[in-house]
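One letter stands for each residue in the lines below.
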Amino acid sequence: MTHQPEPLLPGVLAIDAGNSKTDVALIGADGTVLGTARGGGFAPQKIGGAAAVAGLAPLVEEAAAAAGHLSWHGLLTSHVSACLANADLPVEEEALRTALESHPWGASNTVVNDTFGLLRAGTDGPRGVAVVCGAGINCVGLLPDGRTARFPALGELTGDWGGGFGLAITSMWHAVRSEDGRGGPTALARAIAEHFGLPSAGAVAEAVHLGHLPSTRLHEIVRLLFAVAGEGDATALELIDRQADEIVRLAVVALRRLDLLDAPTPVVLGGGVLASRQPLLLDNLTARLAEAAPLAEPRVVVAPPVLGAALLGLDHLGGDPKARARVREAYEAQRPVAA
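Keep in mind that what you see is a predicted model, and the values were worked out from it rather than measured. (Residues numbered from 1 in each chain as written. Predicted model: local features only at pLDDT ≥ 70, side-chain atom pairs only at ≥ 80, totals over all residues. Heavy atoms only, no water.)

A. Up close: the overall build of the protein. Counting its secondary structure elements, the protein contains 14 helices and 10 strands. Over its C-alpha trace the protein gives a radius of gyration of 21 Å, about what one expects of a compact globule, namely 20 Å for 339 residues. Along the first, second and third principal axes, the C-alpha set of the protein runs to 75 × 50 × 35 Å. When the 339 residues of the protein are sorted by exposure, 51% land in the buried category. Within the protein, residue pairs in contact and separated by at least 24 positions form 69% of the contacts whose partners lie at least 6 positions apart. For the protein, the accessible surface area stands at approximately 15,300 Å², while carbon and sulfur atoms represent 55% of it. In the protein, the 25 positive side-chain charges and the 36 negative ones have mean positions that sit 2 Å from each other. (Helix = DSSP H or I, 4+ residues; strand = E, 2+ residues; numbered from the N terminus. Rg over C-alpha atoms; globule rule 2.2 N^0.38 Å. Buried < 20%, exposed > 50% of the residue type's maximum accessible area, 1.4 Å probe, protein only. Contact = heavy atoms within 4.5 Å. Areas by Shrake-Rupley, 256 points an atom, 1.4 Å probe, with all protein chains shown as cover. Lys, Arg positive; Asp, Glu negative; His and termini not counted. Charge placed at Lys NZ, Arg CZ, Asp CG, Glu CD.)

Below, the structure written as structure tokens:
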């Protein structure tokens, strides 16, 4: 029987990898945050799972250096808890877990979709529903007996709409059609043109198409959407209403699948669009949820999503309540960032 070497830093390597950014944190077994690092988005669907996981290596090394270890031999820590965007299907989660095993980071590894991390960050145990509305949109539900409610979350192919990218693209759709006469008037057209310093929303579209304007900047349109809606623009208000409806539809379906519609249940809301706490969106969806699921308990997670990965990792190690409280305290004072 092969002896498993002792890890350098007993505890958890927590990874929250979203569409737009990745956070890595080394957490001691007592819940102390030992070192952190941040990098860009995680896109296994574009470059492959093994390459995406390999891309985490510089961040792991940076977190280890912040913990006082510029280099190490053997295992870094006890367990890797990875909450990953674009791990939308169980087969994808398993492939990414296998890729993690090829790196000497943890004696054990778990991979879940990042929405499960959001759920854990917003609850004290494995019971509830979470909706993430960041760059994209997704929803999961979980019961203590292990039953889950999930959605494929593969974009329009699987019926998804919204999130920051969806809101931005639909805003562009309305803005350009407003300019060329195919659609009705909307202040989105001028707001988008002025924001990017171009003569029209159509010019913005051309700049993105030609590569003169990075498509990653389109997420900036979401702020414009809320600003224009706040001034009463009918098109912008309609988009926010549609987003609220989509969020509540996801939550209610998950609650129904888990037989939780008639029980007090936390509905955790997170991701950059929701964590920005825009009243036009939150008030709308809260009213909708109160009507469709009166016992649901909406709560917005304001801590960085990597907290959920850290808590799941500590749960795996045995769930010392003091350790969980310590890491939660360390992260809950921080402001949210976009997923």
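B. Geometry of the nonpolar core. Membership of the largest hydrophobic core comes to 54 residues, with the highest contact counts inside it found for Ile192, Ile247, Leu269, Leu281 and Leu285. Ranked by residues supplied to this core, first place goes to helix 10 (residues 234-257) with 11 residues. Those residues within four positions of Leu269 in sequence are excluded, and the remaining contacts are Leu118, Val131, Ile247, Leu274, Leu282, Leu285, Pro298, Arg299, Val300 and Val301. Ranked by size, the runner-up nonpolar core spans 27 residues in total, among them Leu9, Ala17, Ala37 and Val53. (Core = buried A, V, L, I, M, F, W, Y, C linked by side-chain atoms within 4.5 Å.)

C. Region of the structure containing the packing of aromatic side chains. Taken as a whole and assessed by the stated rule, the structure comprises 0 aromatic pairs. Above the plane of the ring of Trp161 lies Arg242, whose end atom (NZ or CZ) is 3.9 Å from the centre. The lysine or arginine in question, Arg257, covers the ring of Phe151, its NZ or CZ lying 4.6 Å from the ring centre. (Phe/Tyr/Trp six-rings, centres within 6.5 Å; stacked < 30°, edge-to-face > 60°. Lys NZ or Arg CZ within 6 Å of the ring centre and 35° of its normal.)

D. Representation of the packing of helix 13 (residues 306-317) against helix 14 (residues 321-332). Running from amino to carboxyl end, helix 13 crosses helix 14 at an angle of 175 degrees, the nearest separation of the two axes being 10 Å. Accordingly, the angle class assigned to the pair helix 13 and helix 14 is roughly antiparallel. Within the contact between the two elements, helix 13 uses Val306, Leu307, Ala310, Leu311, Leu314 and Asp315 and helix 14 uses Ala323, Arg324, Val327, Arg328, Tyr331 and Glu332. Each residue belonging to the contact of helix 13 with helix 14 can be placed in one class, and the counts come to 8 nonpolar, no polar and 4 charged. (Axes fitted to C-alpha atoms, helices over the stretch in contact; angles between N-to-C directions. Parallel < 35°, antiparallel > 145°, perpendicular 65-115°, else oblique. Nonpolar A, V, L, I, M, F, W, Y, C, P; charged D, E, K, R; others polar.)

E. Region of interest: the sheet that holds strand 7 (residues 137-142). Taking strand neighbours across the sheet as the criterion, the 5 strands line up as 8-7-6-9-10 in an open arrangement whose pairing is mixed. Edge positions in the sheet fall to strand 8 (148-150) and strand 10 (296-300), since each has one partner strand and no second. Neighbour-to-neighbour, the strand axes of this sheet turn through a mean angle of 15 degrees, independent of strand direction. As judged from the 5 bridges shared by strand 9 (residues 265-270) and strand 10, these two strands associate in the parallel manner. The partner of Pro266 across the bridge, within strand 10, is Glu297. Docked against the sheet, helix 5 (residues 114-121) engages strand 6 (128-133), strand 7, strand 8 and strand 9, running at close to 120 degrees with respect to strand 6. (Pairing = 2+ DSSP bridges.)

F. Spotlight on the environment of Gly232. For Gly232, the position within the fold is in the loop between helix 9 (221-230) and helix 10. Each C-alpha atom, one on Gly232 and one on Ala187, is 9.5 Å from the other, the two residues being 45 residues apart in sequence.

G. Spotlight on the pairing of strand 7. The buried fraction of strand 7 is high, at 6 of 6 residues. Alternating residues of strand 7 divide into Ile137, Cys139 and Gly141 and Asn138, Val140 and Leu142, and every residue in both groups is buried. Relative to strand 7, strand 6 runs antiparallel, the two sharing 6 bridges. By the bridge assignment for strand 7, Val129 is matched with Gly141. Count of turn residues in the strand 6/strand 7 antiparallel hairpin: 3 residues. Where strand 7 and strand 8 come together, 3 bridges link them in antiparallel fashion.

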